[in-house]
Structures are given as structure tokens and as C-alpha cells.
Amino acid sequence: MKNRPKSNQQETAKDGTNSKQKKRRDMSCQERVQLLQRKLYLKAKQEKGYKFYILYDKVFLDYVLKESWKRVRRNGGVAGVDGVNFKEIEGVGVSKFLFELKEDLRKQTYRSQAVKRVLIPKGNGKTRPLGIPTIRDRVAQMACKIVIEPLFEADFSPDSYGFRPKRSAWGAIREIKEELKSGKTEVYDADLSKYFDTIPHDKLEIALRERIIDKRIIDLIKKWLRSPVEGDDGQHRGGRKVKVGRPQGGVISPLLSNIYLNLLDRIVSNPKSLFAQEGIRIIRYADDFVLMGSQLSESVKSKLKELLGRMDLGLNEEKSHQLNAKQERFDFLGFTISYDRCIYHPEWKRYWNVQPSDKSMVKIREKIRTYLKKSGHFPPEQVSTDLNTIIRGWLNYFEITGVSYPKVAKRKLSYYLYDRLNRYYNRKSQRRSRLYGQQAFEKLVQRYGLIDPTKFRKRLIVKASEER
């Protein structure tokens, strides 16, 4: 008689584990997280109305917490109100840190701490408040995000591009350009007024409950929503009585904002809605979005305001405006989009030009100027390396293959570097250096590897199919 293949129950190793258990044990934390997310996503995708009753136990799984720590550690950042930074945690032991967090989550004794309030300067002279949670809270938020994100990704609209896996600002700009080419040149550039400060907690909870019935998950998210904010004076404000708003800066905040604004995406994209009947398309990146169509009637704008009003949100009337993109340029996500004449075409044919905005140019110059002002007498090797970090990130963002044309902006940035570096090395207050009285920009490019923006070519090309 021929030997029959052994069943999974029979394929048992000496340590008592079968082949499936051994394979699972050999997988990395990242692979196990991906497998978990894939299962949750497929379940949600296959059953549109399915509500998940048991999710909380997955938040404190060992491999979920380990992967959460890795992602939070990779993102970096400063300590929260408790003053505990990454080095201190690693000094005591990451395993001990994660075990204590796991036990608090498992026993449901976890309590979120206050968030540190930091004001980030904006280009218009105003400031944007950010809330920085403690590292412990960041890891807990990341674990929760890992578990619940696939459920809502199954429902999110393809017109949403901000803070989503395999999606980016590039995809949004690419779609805007395609819609303009198709004739949707009437654009309503919308700006929500203090969106993160006005999200109503009760209505956000309703949106969460479309997929999540597990009360423990809902309660966990409520703790983060109601976390008090520590101001510059050390006083805590907010807490349990807070019913609206969530400070930007939390790990889970972008996902919650997408969950709430998905209602807007769904209504605009609904074939029976006024928007769809008039051929209107929404393209959204977080709380920034545009409505595009061959024409935009007053009824469309009125309907948008009515919809946002029902969501307890409002438009910033000063920044929101309608325009014809063939006659007026507009900015979106740091890009300027305009209908320009091609100087290289014999008949000056027009094309849709996408390039870095003036505000973006001001920001990169300010970063370079600030760095050189603070750098003192650093050696040229370090100056080149530090500047490359600033320049490379900016160039990588604005160079979208086949979509944007940052050639002019690159040339302007190169001129600016030439001027600032020559002044930096020749200023009277600085000690003489090897680059004193020389063409510093050219020397740093040739000898120390400084990036020349005019010769920069992006290595990583993201295809449209990978973002969809």
C-alpha cells in the first residue's frame, strides 16, 4: 500500500507545533500584520454591511504591538507631556514597555495622557496647533489604527487620496490634470474652516459604528478624542466635557478625519445626487478638496454648504472660490496648476502646466536660509549632507513623472543656492575657510556631493496603477 500524505494534524514537529503553527511563528511581525489586515479588508469588502463585533483583542496582540512600536519609532518625534523619549524606553527595555502597555489594554485599565500643544508657524503669519501624544499613546493609537484601518479602506472612495495606503498627493494631482484634460475646467477650490477643531464626536461615532460594534474599540477612541491638551503654561484644558475637535498630530487623527469626510465623498459620488447628475467630480486630500465639472451652478455650491452644515462643518469663505482653470491658475497641495502656452511649440500650443507654487518656493528658501543661519562653522561635508536632506525631499515631492514640470522651479532653486552659499562662506563674521572667496556652490557640488537641483532626477517612479 502506498504511503498517504499526512494531514496537518499529523505533521507535528518535535516541539509539538504543526507546520501551520511553525510557518506562522517564522513570519515577521510585519508579515503577520499584513496578513491580519488583508483578512479584515477582504471580509469588509465582501460584506458591505458587515459590522465587526470582536476587534479589541487584536489591538494588544504581541506582533501588532511590536509592529506598532517599529512604525512609531521610525516616524520619530519628540516626547509627550510625560517627558519620556525613545532612548529612555530603549534603555529600560522595549519588551518591558510593550508588555506593560499590553496588560493595560488587556485588562482595560489603559488611560490616555494629555497631549502636548505645539504651535507650528504658517506662511500667512498665523500658527497651526498640533497635539503631540506621549510615545505610549502613539503606540496604542498605531495598534488600533492597524486593526480598524482595513475595515474603512474597504469603504473609502477612490476620490480620496490623503493619508491612505498606496495613495499620495501625486495621485490627486494626476487625477486633477486628467479631469482638466477631459473638459472639467470649472473648479471650486474649497477650504474647510478649522476642520480638525470642529469634528463633532457624536457624529464621528455614528460613522465608526457603521463598521465597528465592539464597544471597547469605540471607548478607546473616545479616550483619545477627549484627551486634555497641555498648554504652554502647563495647564490642562479640555477632557471629558469636550464634544468637538481633535488636535492634529495624533497617529490615528488622519484616519478618523477620513472616516468622517468619507460621508462627503459618498454623497458627491452617488449617481443619484445633484453633484453626479451635473457631472461634478470631487478630488480630496484630507480636508483639502476641489469640485470639478464642465460647469458649476449655484445650486451645487448651495448643496455643498447644506451638506457640510448637516455635518457641523463650514467653509472658509475667504479661501474657497470658484474659477475657470483655463483663465485662472489655482494652487492645490503645494502645486500651481495653470493653462499655459508652450514656448517650444511653433504655434504656442496650450498645455496644462503643473509646477511648484510660489508658497512652496518661499518655504524651501526659508528652510535653507534658516539652516545656514544656524549652522555656524560646520565642515563642507556636513553642510552638503544636511542641505541634501532638505533639497531631496522637496524635489522628490514636486517631480511627478509625466505630470509636473518643475524645471523652472529647479533653476530658481539652483540660483538661490548659488547666491546663499557664496554669501554664507564670504560673510565677514565668519572665519576664513577653504571656500572663502570661491564659487562655493560649484565646489560643494563637485567635491562634496551637494545636489544641483537642475541636474536632479527622481529615482523612484510611482505608477498610477500602484496608487489605485
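Structure: see above.
This text gives an overview of the structure that appears in the document. The structure presented is a predicted model; accordingly, all values stated were derived computationally and were not measured. (Residues numbered from 1 in each chain as written. Predicted model: local features only at pLDDT ≥ 70, side-chain atom pairs only at ≥ 80, totals over all residues. Heavy atoms only, no water.)

1. A few points about the sheet that holds strand β3 (residues 186-191)
And step 1. Ordered in space as β6-β7-β3-β8, the four strands form an open sheet in which the pairing is antiparallel. Either end of the sheet is taken by a strand with one partner, and the two such strands are β6 (281-285) and β8 (321-324). On average, each strand axis in the sheet is tilted by 20 degrees relative to the strand beside it, whichever way the strands run.
And step 2. Here six bridges tie β3 to strand β7 (residues 288-293), and the two strands are oriented antiparallel to one another. The partner of Ala190 across the bridge, within β7, is Phe289.
And step 3. Across the face of the sheet, helix α8 (residues 169-181) comes into contact with β3, β6 and β7 while running at roughly 160 degrees to β6.
And step 4. Those strands touched by helix α14 (residues 298-310) are β3, β7 and β8, and its axis lies near 150 degrees from that of β7. (Pairing = 2+ DSSP bridges. Helix = DSSP H or I, 4+ residues; strand = E, 2+ residues; numbered from the N terminus. Axes fitted to C-alpha atoms, helices over the stretch in contact; angles between N-to-C directions. Contact = heavy atoms within 4.5 Å.)

2. Describing the pattern of salt bridges
And step 1. Evaluated as defined, the whole model comprises 31 salt bridges.
And step 2. Salt-bridge contacts for Glu306 lead to Arg310; the nearest nitrogen and oxygen are separated by 3.3 Å. In this pair, Glu306 and Arg310 both sit in helix α14, four residues apart, roughly one turn of the helix.
And step 3. On the basis of relative accessible area, Glu306 is assigned to the partly exposed category, the value being 40%. (Salt bridge = Lys/Arg side-chain N within 4 Å of Asp/Glu carboxyl O. Buried < 20%, exposed > 50% of the residue type's maximum accessible area, 1.4 Å probe, protein only.)

3. A look at helix α16 (residues 380-398)
Residue pairs spaced three or four apart in an α-helix point in one direction, given the helix's 3.6 residues per turn.
And step 1. The end-to-end C-alpha separation of α16 is 27 Å, in line with the 27 Å expected for 19 residues at 1.5 Å each.
And step 2. In the structure, α16 departs most strongly from a straight axis at Asn388, where the bend amounts to approximately 25 degrees.
And step 3. Along α16, the residues classified as buried are Pro380, Val383, Ser384, Leu387, Asn388, Ile390, Ile391, Trp394, Leu395 and Phe398.
And step 4. Residues of α16 that are buried make contact with β10 (335-341), β11 (350-356), α15 (358-374), α17 (407-426) and α18 (440-448). (Expected span 1.5 Å × (residues − 1). Bend = angle between axes of the 7 residues up to and from the residue.)

4. Re the packing of helix α2 (residues 29-46) against helix α4 (residues 62-75)
And step 1. At a minimum axis distance of 9 Å, the contact between α2 and α4 shows a crossing angle of 110 degrees. Taken together, α2 and α4 sit at an angle that is classed as roughly perpendicular. Read as a crossing pair, α2 and α4 show a hand that is left-handed. For the pair α2 and α4, contact is made by Cys29, Gln30, Arg32, Val33, Leu36 and Gln37 and by Tyr63, Val64, Lys66, Glu67, Lys70 and Arg71, respectively.
And step 2. A breakdown of the residues in the contact of α2 with α4 according to their chemical character gives five nonpolar, two polar and five charged. (Parallel < 35°, antiparallel > 145°, perpendicular 65-115°, else oblique. Left-handed = near helix turned anticlockwise from the far one by under 90°. Nonpolar A, V, L, I, M, F, W, Y, C, P; charged D, E, K, R; others polar.)

5. Observations regarding the nonpolar core
It is characteristic of soluble globular proteins that their nonpolar side chains tend to be buried jointly.
And step 1. Core analysis: the biggest nonpolar cluster contains 73 residues, and Leu105, Ile148, Ile221, Ile259, Leu264, Leu291 and Leu304 have the highest contact counts within it.
And step 2. Broken down by element, this core gets its largest block of residues, 11 residues, from helix α7 (residues 135-153).
And step 3. If we ignore the near neighbours within four places in the chain, the residues touching Leu105 are Tyr56, Val59, Phe60, Leu65, Tyr110 and Leu220.
And step 4. Grouped together as the second largest cluster of nonpolar side chains are 49 residues, Ala172, Met292, Leu444 and Phe456 included. (Core = buried A, V, L, I, M, F, W, Y, C linked by side-chain atoms within 4.5 Å.)

6. Considering the sheet that holds β10
And step 1. Strand order in the open sheet made by the three strands is β9-β10-β11, with antiparallel pairing throughout. Every interior strand has two partners, whereas the edge strands, β9 (330-332) and β11, have only one. When strand polarity is set aside, the average angle formed by the axes of neighbouring strands in this sheet is 30 degrees.
And step 2. As paired strands, β10 and β11 are joined by seven bridges and run antiparallel to one another. Across the sheet, Ser338 pairs through a bridge with Asn353, a residue of β11.
And step 3. Packing of α8 onto the sheet brings it into contact with β9, β10 and β11, and relative to β11 it is tilted by some 160 degrees.

7. A look at unusual backbone geometry
And step 1. Notably, Phe163 is not glycine yet its phi reads approximately 55 degrees, a positive angle.
And step 2. Residue placement: Phe163 occurs in the loop between α7 and α8.
And step 3. Given the relative accessible area of 47%, Phe163 is considered partly exposed.
And step 4. Look at Lys194: it is not a glycine, yet its phi comes out positive at around 45 degrees.
And step 5. Turning to its location among the elements, Lys194 is positioned in the loop between β3 and α9 (195-198).
And step 6. Residue Lys194 is classed as exposed on the basis of its relative accessible area, which comes to 62%.

Purely geometric numbers; function is a separate question.
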